[in-house]
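Here are the chains, one letter per residue:
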Amino acid sequence: MHRAGMVAIVGRPNVGKSSLLNELVGTSLSITSRKAQTTRHRILGVRTMPDHQILFVDTPGIQHLHQAALNRHLNKSAIGAMSDVDAVLWVIEARRLLPEDERVLSLLPLTLPVVVAMNKSDLLKTEREKAQAFAIAQALSEARSFSALVPVSAVKGFQVDVLANTIAGLLAEQPPLMEADAITDRSIRFLCAELIREKLFRLMGDEVPYEATVIIERFSEATPETRRIEIDATIVVARASQKPMVIGEGGERIRRIGSEARQDIIKLVEQPVHLQLWVKVKENWSDDDQAVRSFGYE
Ligand SMILES: Nc1nc2c(ncn2[C@@H]2O[C@H](COP(=O)(O)OP(=O)(O)OP(=O)(O)O)[C@@H](O)[C@H]2O)c(=O)[nH]1
Ligand SMILES: [Mg+2]
């Protein structure tokens, strides 16, 4: 018997949706960071096992605090992802339920099976914290009938297979929907831009990453002469004052961003890579609907 289907991963920002997707698929496809709202695009990750194939769709965290054009696009993208799937995986933190989680709860479609992943369960250390998680599970079960609530830890890999098997059990009996070796619907080019953007989230303060995006200007495959993939990428920031922040003193910051991104890109493409980064200012792009769309946000 083989089951297959598509599942949207939704939740408020920073609960670990992308970390969980990567763990479920077994590859780092979706970028992660300690900052909220790291994910900006739906990303398909395919989990192929002998008895099931699940097409997981990672989505941006749903939030209502920030209402700039970019944030509105992110919410729309996440909520829209729930409209053409077979089931929903709602991710929360096992240790606490915030008002933003309740907002997401109210958006979950009533017509689809929903599995709750209580993530970061590795952080439940004391008896009191465990009791709190239990109380959350109980309150949620009373709020609506979920297909299952599963405590997991994406970073420790705890119960991730249990979660996947539980979800698989909800899907239709049918053959795989994609080739057995497919892992995503996104291009290498897109994944490279994301890896650069991840370094902004990981290496910069709290302002710049939220108002920056990355564009791949040139992606040239290796030739017998170059013998390496050559990539030119532009980091677009929203204010002139942010450009020197990205570049850093004597270019130190941007060199670090470039070198860390390059290491990850090499792992992805398994070839030598030359990466050249540029920084460009596009005033207030993240609050400009047209600019947001032109940068590839749905
Ligand atoms: N302790 C612990 N930390 C986790 C776990 N899963 C994720 N994290 C951390 O939580 C932070 C957010 O993880 P992400 O996977 O980026 O979260 P997200 O829900 O995709 O966030 P957005 O894309 O911003 O909505 C990162 O620092 C992760 O390392 C977990 O199981 N345990
Ligand atoms: Mg994410």
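Nothing here was measured: the structure is a model prediction, and the numbers come from that model. All residue numbers here refer to positions counted from 1 along the written sequence of the relevant chain. Chain A is the first chain written and ligand 1 is the first ligand written, with later ones labelled in order. Given that this is a predicted model, residues contribute local features only at a pLDDT of at least 70 and side-chain atom pairs are listed and counted only at 80 or more, while totals for whole chains, interfaces and linings are drawn from all residues.

Draft legend 1. Here's a closer look at the nonpolar core. As used throughout, a nonpolar core is a set of buried Ala, Val, Leu, Ile, Met, Phe, Trp, Tyr and Cys residues joined through C-beta atoms within 7 Å of each other. Three exposure classes are used, all based on how many other C-beta atoms lie within 10 Å of a residue's own C-beta (placed from the backbone): buried at 20 or more, exposed at 12 or fewer, and partly exposed between those limits. By size, the foremost hydrophobic cluster in this structure holds 75 residues, and its most contacted members are Val7, Ile9, Val10, Leu89 and Ala117. Among residues more than four places away in sequence, those in contact with Val7 are Ile54, Leu55, Phe56, Val85, Asp86, Ala87, Val88, Leu89 and Ile167. We call two residues in contact when the distance between their C-beta atoms, placed using the backbone, is within 7 Å.

Draft legend 2. Spotlight on the domain arrangement of the protein. These domain limits were set by an automatic method or by a database of domain assignments. Taken domain by domain, the protein comprises domain 1 (3-173) and domain 2 (188-294). On a C-alpha basis, the centroid separation for the pair domain 1 and domain 2 is 28 Å. Between domain 1 and domain 2, the residue contacts involve eight residues of the former and twelve residues of the latter. Throughout this entry, Asp, Glu, Lys and Arg are counted as charged residues, while Ala, Val, Leu, Ile, Met, Phe, Trp, Tyr, Cys and Pro are counted as nonpolar. The remaining residues, Gly among them, count as polar. Split by residue class, the side of domain 1 that touches domain 2 holds four nonpolar, three polar and one charged.

Draft legend 3. Representation of the site of ligand 1 within the structure. Of all residues adjacent to ligand 1, which total 24 residues, the nearest are Gly16, Ser18, Thr32, Thr39 and Gly61. Secondary structure elements follow DSSP: runs of H or I of four or more residues count as helices, runs of E of two or more count as strands, with numbering from the N terminus. The dominant element in the shell around ligand 1, judged by the number of residues it contributes, is helix H1 (residues 17-25), at three residues. Its residues placed into classes, the shell around ligand 1 shows seven nonpolar, 13 polar and four charged. In this entry, near means the residue's backbone-placed C-beta atom lies within 6 Å of the molecule or strand.

Draft legend 4. Geometry of the pairing of strand E6 (residues 148-151). Paired strands, in this sense, are two strands between which DSSP finds at least two bridges. Where strand E5 (residues 114-119) lies against E6, four bridges are found, and the strand directions are parallel. Its bridge partner being in E6, Val115 is matched across the sheet by Ala148. The handedness of a crossover follows from its direction of travel: if, with the strands pointing away from the viewer, the path from the first strand over the helix to the second runs clockwise, the crossover is right-handed. With helix H4 (residues 127-143) bridging E5 and the parallel E6, this β-α-β connection has right-handed handedness.

Draft legend 5. Representation of helix H3 (residues 99-107) within the structure. Along H3, the residues that are buried comprise Glu100, Asp101 and Val104. For H3, the angular spread of buried residues about the axis comes to 100 degrees, placing them on one side. The exposed set on the far side of H3, more than 90 degrees from its buried face, consists of Pro99, Glu102 and Ser106. As used here, the arc belongs to the directions running from the helix axis to the C-beta atoms.

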